[in-house]
Amino acid sequence: MDCRSLIGKLEAQRSLTRAEWSFLWSSYAAADRIYAAERAHRISCNIFGKKIYIRGIVEFSNCCKNDCFYCGIRKSNRLVARYNLSDEVIVECCRSGWENNIRTFVLQSGEVGSKAVEHICQLVQKLKKTFPGCAVTLSIGELSSSEYSALRQAGADRYLLRHESADEKHYSKLHPAYMKLKNRLECLENLHRIGFQTGCGVMLGSPFQNADTLAEDMVFMQNFKPEMIGVGPFIPHKDTPFKDHPAGTLEDTLFMISLCRIMHPEVLLPATTALGTLQQDGRLLGVLAGANVIMPNLTPQSVQENYNLYNNKLHTDSAVSVAIAQLQSSLASIGYSIAVGRGDFGE
Ligand code: SAH
């Protein structure tokens, strides 16, 4: 088997064996990556046209009880000035997006666990009432099944929880001992069962990742059938245990995006901020490799520097309207435009 025929097989069958995935990740060359991007781009054009869904992200708190080795806002990083945005500020952030045709709001934060749930339920209800017809996505980490149910009942539509690695040994090298892959995967199962459009995903080039751990990720995503997949390069943060590890590459990240598109044609697949941090036109390259979502940042500029998950994370230095106009014109340079609407899975 060569890589190109494996990519063809993936397109025909939507799945590969673990051994095939492992071979593909260990053996692919630039030409295979370009071939996969062409196939993936064709698939996303057929399904979504040359339209990109946009989601406004509000990083509403950087407080976190977890200590993930890769993450700049981990508990042990004492150099971070911690913040919580008030509901009024969060609503105003969303309003700035709403006025610019953004119909999905992504609320992301560090992990504070159970005590945040009631407040976030109220916040979701408030957003749904203030912006009728909007979709709300949460990205607030691991919670119990009943807490996820409460958030769903409050009106949240989607949930992003990257699995980070489906290989148990690898997962344990990225997280403190009390964090278990089994628990993460249970959370993802619960989210699905409860009816969230659910997103998993990984960082490309995270420390100790290899072709075999990536094969595990592919097999997991193949079986789990997420509605969304978040894929970005690992980028070191200077105040974390992984500060001296190299960043993931643009090429590997784009290859992963393309493989995810070919495997799950309808999946919602963002060209992430981390991709744009790696290279200025990274997100456009992501679109050309099969991504169909971009997430403009609605977080107030005054706190964005305190939400640095990794070094040099892109900050918005202009009003939302200006940032959206810039996005529009950069998308136009590759023949794309912004889709107006919620952009649900399977729409
Ligand atoms: N606390 C929430 C959401 C915030 S982190 C959660 O854990 O789900 C969102 C994502 O940022 C993580 O899932 C991780 O994949 C990514 N991330 C964290 N640190 C990173 C780094 N150093 N480089 C690239 N991505 C990173």
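Right, let's walk through the structure included here. Keep in mind it's a predicted model, so treat the numbers as computed, not measured.

1. Description of the nonpolar core
Turning to step 1, where the next piece is worked out: Counting residues in hydrophobic clusters, the biggest one holds 103 residues, and the most contacted among them are Trp21, Trp25, Leu138, Tyr148, Leu151 and Met256.
Turning to step 2, where the next piece is worked out: Ranked by residues supplied to this core, first place goes to helix 10 (residues 250-263) with nine residues.
Turning to step 3, where the next piece is worked out: Within the second largest apolar cluster, nine residues are counted, among which are Phe48, Ile57, Met295 and Ala339.

2. Thoughts on the sheet that holds strand 7 (residues 228-233)
Through backbone hydrogen bonds, the strands of a sheet pair up, either in parallel or in antiparallel fashion.
Turning to step 1, where the next piece is worked out: An order of 2-3-4-5-6-7 is seen for the six strands of this open sheet, with the pairing classed as parallel. Bordering the open sheet on either side are strand 2 (56-61) and strand 7, each of which pairs with just one other strand. Each adjacent strand pair in this sheet contributes to an overall mean axis angle of 20°, direction not counted.
Turning to step 2, where the next piece is worked out: Alignment of strand 2 against strand 3 (residues 104-109), held across five bridges, turns out to be parallel. Its bridge partner being in strand 3, serine 61 is matched across the sheet by serine 109.

3. As for helix 10
Turning to step 1, where the next piece is worked out: Helix length check: helix 10 (14 residues) gives 20 Å between terminal C-alpha atoms against 20 Å at 1.5 Å per residue, within 8%.
Turning to step 2, where the next piece is worked out: Within helix 10, twelve of the 14 residues are buried, which leaves the element mostly enclosed by the surrounding structure.

4. A closer look at the site of the ligand
Turning to step 1, where the next piece is worked out: Near the ligand, the surroundings consist of 19 residues, among which Tyr70, Ser109, Arg162, Glu164 and Ile235 are the closest.
Turning to step 2, where the next piece is worked out: Serine 109 places a polar main-chain atom, nitrogen or oxygen, 3.0 Å from a nitrogen atom of the ligand.
Turning to step 3, where the next piece is worked out: Between the ligand and leucine 309, the relevant distance is 3.4 Å, taken from a nitrogen atom to a main-chain nitrogen or oxygen of the residue.
Turning to step 4, where the next piece is worked out: Coverage of the ligand by the protein amounts to 92% of the 550 Å² it exposes when considered alone.
Turning to step 5, where the next piece is worked out: Broken down by class, the residue content of the shell around the ligand amounts to ten nonpolar, five polar and four charged.

Reading the values: the criteria
Residues numbered from 1 in each chain as written. Predicted model: local features only at pLDDT ≥ 70, side-chain atom pairs only at ≥ 80, totals over all residues. Heavy atoms only, no water. Core = buried A, V, L, I, M, F, W, Y, C linked by side-chain atoms within 4.5 Å. Buried < 20%, exposed > 50% of the residue type's maximum accessible area, 1.4 Å probe, protein only. Helix = DSSP H or I, 4+ residues; strand = E, 2+ residues; numbered from the N terminus. Pairing = 2+ DSSP bridges. Axes fitted to C-alpha atoms, helices over the stretch in contact; angles between N-to-C directions. Expected span 1.5 Å × (residues − 1). Near = heavy atom within 4 Å. Polar contact = N/O pair within 3.5 Å; in protein donor to acceptor, adjacent residues only side chain to side chain. Areas by Shrake-Rupley, 256 points an atom, 1.4 Å probe, with all protein chains shown as cover. Nonpolar A, V, L, I, M, F, W, Y, C, P; charged D, E, K, R; others polar.

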